Amino acid sequence: MGMMFWFAAGCAATVLAACLVMYAILWERDRRFQVQISHREKDIQDERRARRTLDDEIRDLKEFHQQLFNNITDMAFVHAVTPDGLPGQFFMVNEIACRRLQYPREKLLSMTPLDIEEFQPEMAPGYSRTDLATLSDNDLSDHENTHARRQMAQILERRHVMYELTYVTADGNRIPVEVHAHRLDGMGSPLVMLVAHDVSSRIASKRALHESEMMFKDFFANSPIGLAMYDTDKKLVNINRA
């Protein structure tokens, strides 16, 4: 009886020891798993914090660029280039452009440069103004598109092109502008930034100067009093009929 008791006790102790060892192994595995989870959670939190920081930096950079863009004192636009080489839809427009062209931003962003540009005679070389008046809208559009493709190709190749044209506002007013077009890279496909300077004052000044010169020439030529013009070296350069 005593032998059986000690044998049973020994077996129970062996089983208990095995259970304790197994429990210790499972507890260690669980502890390591919890540590791994804790580290992973920390990594995830760090990644989220880093992502939030990156998102904040991107947002701040976008706001900074938008402020710079809006603070340009001339009309400014960024537009895409279509697969067939035409100027595409506006990607960005500044406040000055919206105000001068009298379009809401959302409306202007749905348009392309061709929608605000007045057709110019040089867009159809070989045609006089009288000839252009006889062309259909489709013919004019074809000439305009051909000219626009050629201009886009120049911008993409040269990276900076300056030209003059006329913008038409929402209410039909015309604004003569000097446009500086710049190629922008880094967005997967090239974009074009346009900075358009209103040259109305310059044109008005040139017109006033020309009119003043013509009035002076008319007065000089038809004056009943004899008049003569000398240069800075006191040499005679002109004399009227009187």
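What counts, and where the lines are drawn
- Residues numbered from 1 in each chain as written.
- Predicted model: local features only at pLDDT ≥ 70, side-chain atom pairs only at ≥ 80, totals over all residues.
- Heavy atoms only, no water.
- Helix = DSSP H or I, 4+ residues; strand = E, 2+ residues; numbered from the N terminus.
- Buried < 20%, exposed > 50% of the residue type's maximum accessible area, 1.4 Å probe, protein only.
- Contact = heavy atoms within 4.5 Å.
- Areas by Shrake-Rupley, 256 points an atom, 1.4 Å probe, with all protein chains shown as cover.
- Pairing = 2+ DSSP bridges.
- Axes fitted to C-alpha atoms, helices over the stretch in contact; angles between N-to-C directions.
- pLDDT = per-residue confidence, 0-100.
- Salt bridge = Lys/Arg side-chain N within 4 Å of Asp/Glu carboxyl O.
- Phe/Tyr/Trp six-rings, centres within 6.5 Å; stacked < 30°, edge-to-face > 60°.

## Section: the overall build of the protein
- Summing up its helical and strand segments, the protein has seven helices and seven strands in all.
- Overall, the protein shows an N-to-C arrangement of helices and strands of α-β-β-α-α-α-α-α-β-β-β-α-β-β.
- Within the protein, buried positions represent 25% of all 242 residues.
- Restricting to contacts in the protein with at least 6 residues of sequence separation, those with at least 24 account for 40%.
- A total of about 17200 Å² of accessible surface is found on the protein, and carbon and sulfur atoms cover 58% of it.

## Observations regarding the environment of Met 152
- By the secondary structure assignment, Met 152 is in helix α6 (residues 137-158).
- Classification of Met 152 by relative accessible area gives buried; the value is 3%.
- Through-space distance from the C-alpha of Met 152 to that of Ala 181 is 9.4 Å; in sequence the pair is 29 residues apart.
- Apart from the residues lying within four places of it in its own chain, the contact partners of Met 152 are His 79, Val 81, Gly 85, Leu 86, Pro 87 and Val 192.

## Some points on the pairing of strand β5 (residues 191-198)
- Counted residue by residue, β5 has six buried out of eight residues, so it is predominantly covered.
- Strand direction decides the pairing type here: strand β1 (residues 75-81) and β5, joined by five bridges, are antiparallel. Across the sheet, residue Phe 77 finds its bridge partner in β5, namely Leu 194.
- Bridging between strand β4 (residues 174-184) and β5 involves eight bridges; their strand directions are antiparallel. Counted as the bridge partner of His 180 is Val 195 from β5.
- Linking β4 to β5, which pair antiparallel, is a turn of six residues; within it Gly 186 sits at a positive phi near 110 degrees.

## Considering the sheet that holds strand β2 (residues 87-93)
- Reading across from one edge, β2-β1-β5-β4-β3 is the order of the five strands in this open sheet, with antiparallel pairing throughout. Since the sheet does not close on itself, it has two edges, and those belong to β2 and β3 (160-168), each with one partner. On average, each strand axis in the sheet is inclined to that of its neighbour by 35 degrees, with strand direction left out of account.
- Pairing between β1 and β2: four bridges, direction antiparallel. The partner of Val 81 across the bridge, within β2, is Pro 87.

## Concerning the confidence of the model for the protein
- Confidence in the prediction for the protein averages 76 pLDDT; 60% of positions are at 70 or higher.
- Overall, residues 5-10 carries pLDDT values under 50, and its contacts beyond four positions in sequence, including any with other chains, amount to zero contacts.

## Structural notes on the pattern of salt bridges
- With the rule as written, the count across this model stands at eight salt bridges.
- Of the charged contacts in the structure, one is a salt bridge between Glu 95 and Arg 105, with a shortest N-O distance of 2.6 Å. Residue Glu 95 is found in helix α2 (residues 95-101), and its partner Arg 105 is found in helix α3 (residues 105-108); the two are separated by ten residues along the sequence.
- Judged by relative accessible area, Arg 105 falls into the partly exposed class, the value being 24%.

## With respect to the packing of aromatic side chains
- A full pass over the atoms with the stated rule returns two aromatic pairs.
- Summarising the aromatic geometry, the rings of Phe 77 and Phe 90 are spaced 5.0 Å apart at their centres and angled 25 degrees between planes, so their arrangement reads as stacked. Here the residue Phe 77 occupies a position in strand β1, and Phe 90 occupies one in strand β2, the gap between them amounting to 13 residues.
- Phe 90 gets classed as buried once you look at its relative accessible area, which sits at 4%.

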